[in-house]
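One-letter residues, chain by chain:
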Amino acid sequence: MSSPAASAPSVFRHRDFRLYQLARLCAVLAVQIESVAIGWQVYEMTGSALALGYTGLAQFLPFLAFSIIGGQVADRVDRRVILAVCQGVMLLCSLLLLTFSLGHIQDVRFVYGVLVLFGTARAFYAPAGSAITPHLVPPEEISRAIAVNSTTWQVATIAGPAVGGALYAWAGATGSYLGSAVLCALTVVWILTLKVRTGRASSEAFSVSTLLAGFRFVRRQRMLLGSITLDLFAVLLGGAVALLPIYARDVLHTGPWGLGVLRSAPAAGAALVAVILAVRPLGGRAGWKMFVSVAIFGAATLVFGVSRSLPLSVLALAVAGAADMVSVVVRSTLELVATPDEMRGRVGAVNMMCVGASNELGEFRAGAFAEHVGVVPAVVAGAVGTLVVVGLWAWAFPELRQVDHLEEAARQPLPGNAGPEAASTTS
């Protein structure tokens, strides 16, 4: 039997998987560069923590409104086509922001409007992107493919903010938005070169019942329910990304380059763990390791909240990102191996709704809270809340604690999963 290290690169034998990673790399780089520019520009224009929070809310509301429909579409339309169209809309968003910068428009509502369009595109993009991975690699390689997906995402999330900060310092928001537009265009090219055709995964007629089937499926699968909601509430409370421009300028007294470093730090830690997990899978007691990792995420966020040192803040964010990656791999693997293909779009939509709520709605929570009690108390209180959530979920979801080897789960249905018939739309 080959060692894990020897077999780890096997996922790159698959042409479409390699091309998909190039597409993901360009897409995430574009988003991260854009995010740094938007955050710094909005805070410069308004000086308001609440205004930064609204950037998250502007993305979350359309994502919430359209995600379930996006999951339904992902189960009925070729997922490659969905990815290409949505990425084209994201390219349009970058071009609109570039126009905003070139025109020296000072109305922040224009930015919010573009973010609403971006959130709408992401509502359709996310379920299709989540559901396409099992079509790119064999079932026994899904866990490693997820780790590689995460590695690609984290590498781009490390480089993107740093590049975005440097571009903003050198050429202002215009340079950042132009770079983002070029990367979005490259993403469309890479997606269109994919040969995979997923076709129509589900033959069920469109109805309210099929629309809500993903929620019913997750509710029955308590391991999925526990892992998804654990991430939802932990990051909703503990996320501090929206407040990084304030920390960079007013707490740590640095500039756009420092903001880029802070935004890159969680991804640096996560990328390191993702590479390790791609080479050496998580092993046994995966459920317990997930709970421990989320607790570490909360503790590291607490350290970041009280830090007044840039190096310590960067280290704390890196540790938080590393811990979060363990949770991401466990949750994503459970989602894919527990869900039949005809349900993956809708179940992915439920997961992405929760991820969107934890990230974008978490940004709004952090901004609104910081506006009233201050930035440091907002982060500290959120971190403590995350630790409380870990304790409550470890007690409430013993099924999740008992998850052992993810590789074994990838070779057989998870306990409680009745197979494709579990996706039945009957209550």
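These numbers were taken from a predicted model, which means no experiment stands behind them.

1. A look at the nonpolar core
Counting 80 residues, the largest nonpolar core has Val 42, Leu 243, Tyr 247, Phe 304 and Val 375 as its most contacted members. The element contributing the most residues to this core is helix α2 (residues 15-46), with 11 residues. Once residues lying within four places of it in the same chain are set aside, the contact partners of Phe 304 are Ala 240, Leu 244, Tyr 247, Leu 262, Ser 313, Ala 316, Leu 317 and Val 379. Core analysis: the next-biggest nonpolar cluster, separate from the first, contains 29 residues, Leu 230, Leu 232, Met 290 and Trp 393 among them.

2. Focus on unusual backbone geometry
Even without glycine at this site, His 253 takes up a positive phi of about 55°. Residue position: His 253 is located in the loop between α10 (244-251) and α11 (256-279).

3. Thoughts on the packing of aromatic side chains
Considering all chains together, one arrives at 7 aromatic pairs under this definition. On the basis of an interplanar angle of 50° and a centroid distance of 5.4 Å, the ring pair of Phe 233 and Trp 393 is categorised as tilted. Pair noted here: Phe 233 is in helix α9 (residues 222-238) and Trp 393 is in helix α15 (residues 375-396), with a separation of 160 residues, a long-range link. Residue Phe 233 is classed as partly exposed on the basis of its relative accessible area, which comes to 32%. Put simply, the rings of Phe 233, Trp 393 and Phe 397 pair up and form one aromatic cluster. Here the guanidinium or amino end of Arg 122 rests over the ring plane of Phe 63, the centre of that ring lying 4.3 Å away.

4. Observations concerning the side chain of Thr 55
Checked against the element boundaries, Thr 55 lands in helix α3 (residues 49-74). The contacts of Thr 55, once residues within four sequence positions are left out, are Ile 38, Val 42, Tyr 112, Leu 115 and Glu 363.

5. A short note on the confidence of the model for the chain
For the chain, per-residue confidence averages 80 on the pLDDT scale, and residues scoring 70 or more make up 86% of the total. The low-confidence segment residues 1-8, where pLDDT is below 50, has 10 contacts with residues more than four positions distant or belonging to other chains. Contacts from residues 410-427, a stretch scored under 50 in pLDDT, to residues over four places away or in other chains number 34 contacts.

6. Overview of the state of the cysteines
The full count for this structure, using the stated rule, is 0 disulfides. No disulfide involves Cys 26; its nearest neighbouring cysteine sulfur is the one of Cys 184, lying 9.3 Å away. Just so you know, Cys 93 is unpaired, no disulfide at all, and the nearest cysteine sulfur is the one on Cys 184, 8.3 Å from it. For Cys 93, a relative accessible area of 0% translates into the label buried.

7. Remarks on a nonpolar patch on the surface
On the surface, a cluster of nonpolar side chains totalling about 560 Å² of accessible area is made up of Trp 288, Val 292, Ile 296, Val 303, Leu 312, Leu 315 and Val 319. Elements supplying a minimum of two residues to the nonpolar patch: α12 (286-306) and α13 (310-338). When residues of the nonpolar patch are assigned to their parent elements, the largest contribution, 4 residues, is made by α12. For Val 292, the position within the fold is in helix α12.

8. Observations regarding the packing of α12 against α13
It is the contact of α12 with α13, at a shortest axis distance of 8 Å, that shows an interaxial angle of 155°. Considering the angle they form, α12 stands roughly antiparallel to α13. Here α12 runs over α13; the crossing is left-handed. Two secondary-structure elements touch here, α12 through Ala 286, Lys 289, Met 290, Ser 293, Val 294, Ile 296, Phe 297, Ala 300, Thr 301, Val 303 and Phe 304 and α13 through Leu 312, Ser 313, Ala 316, Leu 317, Val 319, Ala 320, Ala 323, Asp 324, Val 326, Ser 327, Val 330 and Arg 331. For the contact of α12 with α13, the class distribution of residues is 16 nonpolar, 4 polar and 3 charged.

Cut-offs applied
- Residues numbered from 1 in each chain as written.
- Predicted model: local features only at pLDDT ≥ 70, side-chain atom pairs only at ≥ 80, totals over all residues.
- Heavy atoms only, no water.
- Core = buried A, V, L, I, M, F, W, Y, C linked by side-chain atoms within 4.5 Å.
- Buried < 20%, exposed > 50% of the residue type's maximum accessible area, 1.4 Å probe, protein only.
- Helix = DSSP H or I, 4+ residues; strand = E, 2+ residues; numbered from the N terminus.
- Contact = heavy atoms within 4.5 Å.
- Phe/Tyr/Trp six-rings, centres within 6.5 Å; stacked < 30°, edge-to-face > 60°.
- Lys NZ or Arg CZ within 6 Å of the ring centre and 35° of its normal.
- pLDDT = per-residue confidence, 0-100.
- Disulfide = S-S within 2.5 Å.
- Patch = residues over 30% accessible without salt bridge, like charges linked within 9 Å, V, L, I, M, F, W, Y side chains within 5 Å.
- Areas by Shrake-Rupley, 256 points an atom, 1.4 Å probe, with all protein chains shown as cover.
- Salt bridge = Lys/Arg side-chain N within 4 Å of Asp/Glu carboxyl O.
- Axes fitted to C-alpha atoms, helices over the stretch in contact; angles between N-to-C directions.
- Parallel < 35°, antiparallel > 145°, perpendicular 65-115°, else oblique.
- Left-handed = near helix turned anticlockwise from the far one by under 90°.
- Nonpolar A, V, L, I, M, F, W, Y, C, P; charged D, E, K, R; others polar.

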